[in-house]
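Spelled out, the chains give:
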Amino acid sequence: MTIKIHNQSSNPLPTYASSSAAGMDLRANLSEPVVLQPFERKLIPTGLFMELPADCEAQVRPRSGLALKHGITVLNSPGTIDADYRGEIGVILINLSQEPFEIQPGERIAQMVIAQFRQVKMQEVNTLEELSDTERGAGGFGHSGKQ
């Protein structure tokens, strides 16, 4: 699959770091460093604009190293970029640590995964009995116990 992308930053286009990587790194398009104070959130621009196929979305996810080492994560993870969006890709970062964190121009701040999806039609039913029965049933959070 080929995706049209326009790069208004001085950073390289997103690429896969390895042959089996699912995500491509997104970089901060900044003219100077930006400081994220503890528990502060900011929209960080990437300078990227793209055209996705109609049956695809781009998911913006945290980078594990930033999350583990510095408590920096994507607030609305995963963020969704719809196929009909043509604006600049921005990443909402939040600092969940107790220390200020400085984002450098060109720093890798998130990863982007391109995924196909299907739109569905909802068919309303009048009773719960109209839903098929399963072994799990209504078992929710923690229903399978600690294993």
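### Thoughts on the overall build of the chain
Working step 1: Check the secondary structure of the chain and you find one helix and eleven strands.
Working step 2: The order of α-helices and β-strands along the chain, N terminus first, is β-β-β-β-β-β-α-β-β-β-β-β.
Working step 3: Every one of the 147 residues in the chain was classed for burial, and the buried ones make up 31%.
Working step 4: Here the analysis covers contacts within the chain between residues at least 6 apart in sequence; of these, 70% occur between residues at least 24 apart.
Working step 5: Accessible area of the chain: about 10,300 Å², with a carbon and sulfur share of 49%.
Working step 6: The centroid of the 13 positive side-chain charges in the chain is displaced by 6 Å from the centroid of its 17 negative side-chain charges.

### Let's talk about the pattern of salt bridges
Pairs may arise between side chains of opposite charge once their charged atoms sit close together.
Working step 1: Within this structure, the stated rule accounts for three salt bridges.
Working step 2: The salt bridge involving R63 is made with D25; its shortest N-O contact spans 3.3 Å. Taken together, the residues R63 in the loop between β6 (56-61) and α1 (64-70) and D25 in strand β2 (residues 24-27) connect sequence positions 38 residues apart.
Working step 3: Note on D25: relative accessible area 18%, which makes it buried.
Working step 4: Across the pair D25 and R108 runs a salt bridge, and its minimum N-O distance is 2.9 Å. Remark: R108 occurs in strand β11 (residues 108-116) and D25 occurs in strand β2; sequence separation between them is 83 residues.

### Quick notes on the sheet that holds strand β9 (residues 90-95)
Working step 1: What the three strands build is an open sheet, ordered β4-β9-β7; its pairing is antiparallel. This sheet does not close on itself; its edge strands, each paired only once, are β4 (41-45) and β7 (72-74). Each strand of the sheet is rotated relative to its neighbour by a mean of 35 degrees, with strand direction disregarded.
Working step 2: The pairing of β4 with β9 spans five bridges and is antiparallel.

### Some details on unusual backbone geometry
Among all residues except glycine, the phi angle is most often negative; among peptide bonds, the trans geometry is most common.
Working step 1: Cis peptide bonds are those with omega within 30 degrees of zero, and the linkage from S77 to P78 qualifies with -10 degrees.
Working step 2: Phi angles above zero are rare outside glycine, and F39 is one such case at about 65 degrees.

### So, the pairing of β11
Working step 1: Pairing geometry for β2 and β11, over four bridges, is antiparallel. Note that in β11 the partner of M24 across the bridge is M112.
Working step 2: As defined by bridge partners, β6 adjoins β11 across six bridges and the pair is classed as antiparallel. Its bridge partner lying in β11, V60 is registered against M112.

### A closer look at the pairing of β9
Two faces make up the sheet, and in a regular strand the side chains alternate between them.
Working step 1: Bridge count between β7 and β9: three bridges; the pairing is antiparallel. Residue pairing for β9: T73 is matched across the bridge by I94.

### Points about the side chain of N11
Working step 1: Relative to the helices and strands, N11 resides in the loop between β1 (4-7) and β2.
Working step 2: Take N11: its relative accessible area is 13%, and that puts it in the buried class.
Working step 3: At 3.1 Å, the side chain of N11 forms a polar contact with the backbone oxygen of A28.
Working step 4: Apart from the residues lying within four places of it in its own chain, the contact partners of N11 are R27, A28, N29 and G106.

What counts and how
- Residues numbered from 1 in each chain as written.
- Predicted model: local features only at pLDDT ≥ 70, side-chain atom pairs only at ≥ 80, totals over all residues.
- Heavy atoms only, no water.
- Helix = DSSP H or I, 4+ residues; strand = E, 2+ residues; numbered from the N terminus.
- Buried < 20%, exposed > 50% of the residue type's maximum accessible area, 1.4 Å probe, protein only.
- Contact = heavy atoms within 4.5 Å.
- Areas by Shrake-Rupley, 256 points an atom, 1.4 Å probe, with all protein chains shown as cover.
- Lys, Arg positive; Asp, Glu negative; His and termini not counted.
- Charge placed at Lys NZ, Arg CZ, Asp CG, Glu CD.
- Salt bridge = Lys/Arg side-chain N within 4 Å of Asp/Glu carboxyl O.
- Pairing = 2+ DSSP bridges.
- Axes fitted to C-alpha atoms, helices over the stretch in contact; angles between N-to-C directions.
- Polar contact = N/O pair within 3.5 Å; in protein donor to acceptor, adjacent residues only side chain to side chain.

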